[in-house]
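Here's the letter readout for the chains.
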Amino acid sequence: MSALGWFLLVLVLVILGVVLVGVLGGARLAPGGSGRALRSRFGPEYDRVVEHSGGDRRAAERRLAEVARRRDELDLQPLDEPARAGYLTRWDAVQARFVDDPADSARQADRLVVEVMRARGYPESTFDERADLISAERPELVAPYRDAHARAEAPAGGPDTDGPDTEELRTALVQLRGLFGWLVTGETEPRDQDARSSPALAGPPRQRT
């Protein structure tokens with residue numbers, strides 16, 4: 001083979017190698033592959049992670065791909081009917097407490113969300129890890145969850161503190177209700193219009209029969 005022939009053969013092999021590396025790198029990104037798939041899956045969470053990565057999309061996509069992988073490896077199970085009914089009853093008790101102690105009601109609601117996640121098969125984890133897993137399945141619920149958790153865990157407001165006031169705690173409880181309702185029943189909205197305006201807040205929706 002001539003020198004030109006060897007040169008062309010080596011050039012082709014180098015090009016094929018570069019293409020193969022690119023394909024394998026893309027395949028490692030996530031179930032579904034590309035940045036476009038991650039953006040579709042994570043919605044507004046994609047932009048938030050890119051921003052928190054200093055605009056580095058590759059780093060953000062690697063992080064989201066890892067979150068997607070961890071979520072997809074979970075074996076989550078729906079609650080059986082007795083467990084579902086029990087959690088709904090407990091939610092009613094937690095939110096009924098709001099009138100007398102808004103701060104404690106919000107804290108208990110936040111903790112009840114964690115308990116339901118464990119019952120469904122989510123692993124023991126930090127708040128940020130729980131939020132990540134939620135973002136891989138219901139990204140529209142994760143920003144309200146972060147806000148609600150921050151309000152629920154903040155010191156109670158008062159004359160000498162800057163903690164959340166009653167209206168902020170009410171908002172937190174509504175936000176937690178959406179996530180709790182989805183985890184327990186698959187629905188996120190209050191049961192009826194009266195529930196939306198109830199001072200004590202109505203519970204997450206009962207399953208329709």
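Residues numbered from 1 in each chain as written. Predicted model: local features only at pLDDT ≥ 70, side-chain atom pairs only at ≥ 80, totals over all residues. Heavy atoms only, no water.

What exactly am I supposed to notice about the overall build of the protein here?
Check the secondary structure of the protein and you find 10 helices and zero strands. Going residue by residue from the N terminus, the α and β elements of the protein occur as α-α-α-α-α-α-α-α-α-α. Expressed as a percentage of the 209 residues in the protein, the buried residues total 38%. Taking the intrachain contacts of the protein between residues at least 6 apart in sequence as the baseline, contacts between residues at least 24 apart amount to 63%. For the protein, the computed accessible surface area is about 11,800 Å², with 55% contributed by carbon and sulfur atoms. (Helix = DSSP H or I, 4+ residues; strand = E, 2+ residues; numbered from the N terminus. Buried < 20%, exposed > 50% of the residue type's maximum accessible area, 1.4 Å probe, protein only. Contact = heavy atoms within 4.5 Å. Areas by Shrake-Rupley, 256 points an atom, 1.4 Å probe, with all protein chains shown as cover.)

Which parts of the structure should I look at to understand the environment of L169?
Relative to the helices and strands, L169 is located in helix 9 (residues 166-185). Here the alpha-carbon distance between L169 and R151, two residues 18 residues apart in the chain, equals 6.5 Å. Those residues within four positions of L169 in sequence are excluded, and the remaining contacts are F98, P102, A103, A106, R151 and P164.

Looking at this structure, how should I read the confidence of the model for the protein?
In low-pLDDT segments, the atomic positions of the prediction should not be examined closely. Model confidence for the protein is summarised by a mean pLDDT of 82, while 71% of its residues fall at 70 or above. Here residues 21-32 scores under 50 on pLDDT; set against residues more than four positions off or in separate chains, the count is 14 contacts. In the predicted structure, residues 202-209 sits below a pLDDT of 50 and forms 34 contacts with residues beyond four places in sequence or in another chain. (pLDDT = per-residue confidence, 0-100.)

Looking at this structure, how should I read the nonpolar core?
Generally speaking, nonpolar side chains in soluble globular proteins are found buried as a group. Among the nonpolar cores identified, the biggest contains 34 residues, and V113, Y122, I134, Y145, L179, F180 and L183 are the most heavily contacted of them. Counting only elements with at least two residues in this core, the list comes to helix 5 (81-96), helix 6 (102-120), helix 7 (127-135), helix 8 (139-153) and helix 9. If you tally residues by element for this core, the top one is helix 9, at nine residues. For L179, the contacting residues outside a window of four places in its chain are V113, I134, L141 and Y145. If you look at the next biggest cluster of nonpolar residues, it comprises 10 residues, including L38, V49, V50 and L64. (Core = buried A, V, L, I, M, F, W, Y, C linked by side-chain atoms within 4.5 Å.)

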